[in-house]
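Each chain, written out:
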Amino acid sequence: MDEQDSNAAPDEQHPFEVTRRTVIETGTTALILSALPHAAFAAGPLDGGEPSPPAVKVQLRINGYLHSLMLDSRTTLLDALREHLALTGSKKGCDHGQCGACTVLIEGRRINSCLTLAVMHDGQSVTTVEGLALGDDLHLVQAAFVEHDGFQCGYCTSGQICSTIGMLAESRLGMPSYVTEDLTQVAVELTDAEIRERMSGNICRCAAYPNIVAAIKQAGGIST
Amino acid sequence: MKAFSYQRPETAEHAAAAAVRPGAKLIAGGTNLLDLMKLQVETPSRLVDINGLSLEKIEDTADGGLRIGTLVRNSDLAADRRVRQRYGVLSRALLAGASAQLRNKATTGGNLLQRTRCYYFYDVTKPCNKRSPGSGCAALAGFNRIHAILGGSEHCIATHPSDMAVAMRALDARVETVDSAGQTRSIPIEELHRLPGKTPEIETSLKPGEIITSVTLPPPPPGVQVYRKVRDRASYAFALVSVAAIVDSIHGRIRSARLAFGGLAPKPWRSPRAEQTLVNASANATTFNATADAVLEGARGFGGNDFKIPLARRTLHSVLSEMTRA
């Protein structure tokens, strides 16, 4: 199902480590649909008796490591990460691009991984929340979220963090937002209003927004 | 999601040849199509991924306009220096749409061809003439807060959801296409989207397999450009009413104006008669009332969306008075 480079990090070499959660999920799936691949189950409603399309080969460089997968063409990038590679840091919230919990970076740009097919990213580089820290050293955005308590339940947090990294890169490039008064200005000043507008694709149902904004300001080196 | 075969052609002609086959659907950004496929509103049996085509450049045209490749992402188009300086209404409209993550994925052509967000179109258990021709329209007597007050029919009152297309309508953009026989053509944007009439399932004037390759903007018209969007929350929501306005005025006297509206109709809406009321007119409440009367001629509410009629009027007043303030 997946092949990896020989230089894979130790914890990357066993992506299918069995946890209590996977046992429960697998068990439930096996009871209902014993003959069906998990990915097809995750892909949405099923059509009785319809044969699965031929599997497609997809190569993805995820957090620096090359993964080669054989996937049902319907597999979203999010399901490829979570169900096939056990990278469950990216979360499935709405599965319709409305909440941002599944945000990952493709070639450094933030996108919703639930609204794209894995096969459409063959040969591309993906960064997920698992790829941010260097060993025990947190990425500065992660550290800022911890320091400012930028979460409560934490379900949206990996999406918020990946989105922040993409957002700070966009701002450094001078990309404008809807609230940027003068569209012709070259440098972007990340005010609270700018941060909130630029992060509006990430919903936090615990409403930790003030602390998320504070964390982003710290990570972006913006004086408060 | 229904099963489909997947292919990724490398030329627009090959893509058009693949797209003309039964059950085929083009995918570029996929942010709307995959959403609809998950709900089985869209059930293509062949998916033709056009991301391999080299159509992602923004180029200057000889007459001083811009040609935008169909695969240019919404975020890149909004951030392009030339667009920000000369077509501010387009940049602002793009930035008013969706979220940053979606704009990084969504393409120019895909944005034009996105489907309505009518709740009943999305709910496959409900009648919808657009999704299932002849089944009826559940919105007419249902929850229709987001629906059209202009241009609808007794068969469909869904709105077109794009912000970008509204700005392009004000800018008199043209849409370039290629078909499976290799024939190219250039369509004025006002002729791209169709009103529903008796066939709400036919949304555009594109032929089967015809692919949008680029959108061309003529040189910007004189005047100030504004895009104003009114919605239920401050960000990341579809327009209830939006106005793309380009107004050329001096000392409270308007020379010319272009107005395009979103959220009101099944396509980006323009009223030549309304624009005529502003030619050589004084910028005052009497003028703006006459303009609003002309825009809203024939407007009809269906209960839940009645508020859009006064909201459109007030939004237009606000935009015009701000743009012509001496």
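Up top is the structure.
Residues numbered from 1 in each chain as written. Chains lettered and ligands numbered in written order. Predicted model: local features only at pLDDT ≥ 70, side-chain atom pairs only at ≥ 80, totals over all residues. Heavy atoms only, no water.

Draft legend 1. Region of the structure containing the overall build of chain B. Each helix and strand in chain B was counted, giving twelve helices and 13 strands. Relative to the 2.2 N^0.38 estimate, which gives 20 Å for 326 residues, the radius of gyration of chain B is 20 Å and therefore close to what a compact globule would have. The 326 residues of chain B split such that 58% are buried. Within chain B, contacts between residues at least 6 apart in sequence are counted, and of these 63% link residues at least 24 apart. Working note: accessible area of chain B is about 12500 Å², and carbon and sulfur atoms make up 51% of it. Here chain B contributes 43 positive and 29 negative side-chain charges, whose respective centroids are spaced 4 Å apart. (Helix = DSSP H or I, 4+ residues; strand = E, 2+ residues; numbered from the N terminus. Rg over C-alpha atoms; globule rule 2.2 N^0.38 Å. Buried < 20%, exposed > 50% of the residue type's maximum accessible area, 1.4 Å probe, protein only. Contact = heavy atoms within 4.5 Å. Areas by Shrake-Rupley, 256 points an atom, 1.4 Å probe, with all protein chains shown as cover. Lys, Arg positive; Asp, Glu negative; His and termini not counted. Charge placed at Lys NZ, Arg CZ, Asp CG, Glu CD.)

Draft legend 2. Fine view of helix H3 (residues 77-84) of chain A. Residue and element names in this part refer to chain A. Along H3, seven of the eight residues are buried, which leaves the element largely enclosed by surrounding structure. By the burial criterion, the buried members of H3 are Leu77, Leu78, Asp79, Ala80, Leu81, Arg82 and His84. Just downstream of H3, Ala86 is the residue with a positive phi angle, here 55°.

Draft legend 3. Highlighting the nonpolar core. All names here are of chain B. In this structure, Ile68, Leu77, Leu90, Leu112, Met168 and Leu217 are the most contacted members of the largest nonpolar core, which totals 37 residues. Contributions of two or more residues to this core are made by strand S5 (66-69), helix H3 (74-79), helix H5 (88-96), helix H9 (164-170), strand S8 (211-217) and strand S10 (241-250). Non-local contacts of Leu217, meaning those with residues more than four positions away in its chain, are made with Gly65, Leu66, Ile68, Tyr87, Leu90, Met168, Leu171 and Ala173. (Core = buried A, V, L, I, M, F, W, Y, C linked by side-chain atoms within 4.5 Å.)

Draft legend 4. Local environment of the sheet that holds strand S7 (residues 184-188) of chain B. Residue and element names in this part refer to chain B. Strand order across the open sheet formed by five strands is S4-S5-S8-S6-S7, with antiparallel pairing between neighbours. Unpaired on one side and paired on the other, strand S4 (58-60) and S7 mark the two borders of the sheet. Across the sheet, the mean angle from the axis of one strand to that of its neighbour is 25°, orientation sign disregarded. Relative to S8, S5 runs antiparallel, the two sharing four bridges. Considered in S8, the bridge of Ile68 is made with Val215. Across the sheet, helix H1 (residues 12-19) is in contact with strand S6 (174-178) and S8; its angle to S8 comes to roughly 130°. (Pairing = 2+ DSSP bridges. Axes fitted to C-alpha atoms, helices over the stretch in contact; angles between N-to-C directions.)

Draft legend 5. Representation of the side chain of A:Glu197. With respect to the helices, strands and loops of the structure, A:Glu197 is situated in helix H6 (residues 192-198). Of the side chains bearing the opposite charge, B:Arg103 lies closest to the buried A:Glu197, which forms no salt bridge; the N-O distance is 4.7 Å. A polar atom in the side chain of A:Glu197 sits 2.8 Å from the side chain of B:Ser235. (Salt bridge = Lys/Arg side-chain N within 4 Å of Asp/Glu carboxyl O. Polar contact = N/O pair within 3.5 Å; in protein donor to acceptor, adjacent residues only side chain to side chain.)

Draft legend 6. Representation of the sheet that holds strand S2 (residues 24-27) of chain B within the structure. Residue and element names in this part refer to chain B. Across the sheet, three strands lie side by side as S1-S3-S2; this open sheet has parallel pairing. The sheet is open, and its two edges are formed by strand S1 (5-7) and S2, each paired on a single side. Here the strands of the sheet are splayed against their neighbours by 25° on average, with no regard to which way each runs. Bridge analysis of S2 against strand S3 (residues 46-49) gives four bridges, and the strand direction is parallel. Its bridge partner being in S3, Leu26 is matched across the sheet by Val48. The sheet contacts of H1 involve S1, S2 and S3, and relative to S2 the element is tilted by about 145°.

Draft legend 7. Region of interest: the packing of aromatic side chains. Residues and elements named next belong to chain B. Counted under the stated rule, the structure contains two aromatic pairs over all chains. On the basis of an interplanar angle of 70° and a centroid distance of 6.1 Å, the ring pair of Tyr119 and Tyr120 is categorised as edge-to-face. A residue is classified by how much of its surface remains accessible, and Tyr119, at 36% relative accessible area, is partly exposed. The exposure class assigned to Tyr120 is buried, which follows from its relative accessible area of 11%. A ring pair is formed by Phe121 and Tyr122, whose centres lie 6.2 Å apart and whose planes are at 75°; its orientation type is edge-to-face. Assigned by exposure class, Phe121 and Tyr122 land together as buried. (Phe/Tyr/Trp six-rings, centres within 6.5 Å; stacked < 30°, edge-to-face > 60°.)

Draft legend 8. Layout of unusual backbone geometry. For A:Asn63, which is not glycine, the phi torsion reads 50° and is therefore positive. On the basis of relative accessible area, A:Asn63 is assigned to the buried category, the value being 16%. The backbone of B:Tyr236 shows a phi angle near 55°, a positive value even though the residue is not glycine. Tracing the backbone through its elements, the reader meets B:Tyr236 in the loop between strand S9 (224-230) and S10.

Draft legend 9. Broad picture of the interface of chain A and chain B. Counting residues at the interface gives 46 residues for chain A and 45 residues for chain B. Here chain A meets chain B over a buried area of about 3700 Å², counting both sides, of which 52% is carbon and sulfur. Of all residues in chain A, A:Leu115, A:Met120 and A:Tyr178 bury the most surface against chain B, accounting for 21% of the area lost on that side. Among the salt bridges present, the one from A:Arg109 reaches B:Asp76, with a minimum N-O distance of 3.1 Å. Every element with two or more residues in the side of chain A that touches chain B is listed here: strand S5 (109-112), helix H5 (157-172) and H6 of chain A. Per-element accounting of the side of chain A that touches chain B gives the leading share, four residues, to S5(A). Along the lines of polarity and charge, the residues of the side of chain A that touches chain B split into 16 nonpolar, 20 polar and ten charged. (Buried area = accessible area lost by both parts, 1.4 Å probe. Nonpolar A, V, L, I, M, F, W, Y, C, P; charged D, E, K, R; others polar.)

Draft legend 10. Fine view of the environment of B:Leu95. As for its placement among the helices and strands, B:Leu95 is situated in helix H5. By relative accessible area, B:Leu95 is classed as buried at 4%. Separated by 16 residues in sequence, B:Leu95 and B:Asn111 place their C-alpha atoms 13 Å apart. Once you skip the residues sitting within four places of it in the chain, B:Leu95 turns out to touch A:Pro176, A:Ser177, A:Tyr178, A:Leu183, A:Glu197, B:Ala78 and B:Arg103.

Draft legend 11. Region of interest: the pattern of salt bridges. Summed over the entire model, instances satisfying the criterion amount to 28 salt bridges over all chains. In this structure, the salt-bridge partner of A:Asp192 is A:Lys217, at a minimum N-O distance of 2.4 Å. On the criterion of sequence distance, the pair formed by A:Asp192 in helix H6 and A:Lys217 in helix H7 (residues 209-219) is long-range, its members being 25 residues apart. With relative accessibility at 36%, the residue A:Asp192 sits in the partly exposed group. Residue A:Lys217 is classed as buried on the basis of its relative accessible area of 12%. Its salt-bridge partner being B:Lys126, residue B:Asp123 comes within 3.4 Å of it at the nearest N-O pair.

Draft legend 12. Spatial organisation of the side chain of B:His147. All names here are of chain B. Topologically, His147 is positioned in the loop between helix H8 (119-122) and H9. Accessibility expressed as a relative area gives 1% for His147, which makes it buried. The residues contacting His147, other than those within four sequence positions of it, are Cys118, Tyr119, Ala139, Ile157, Ala158, Thr159, Gly263, Asn305 and Lys308.

In short, geometric facts, not functional conclusions.
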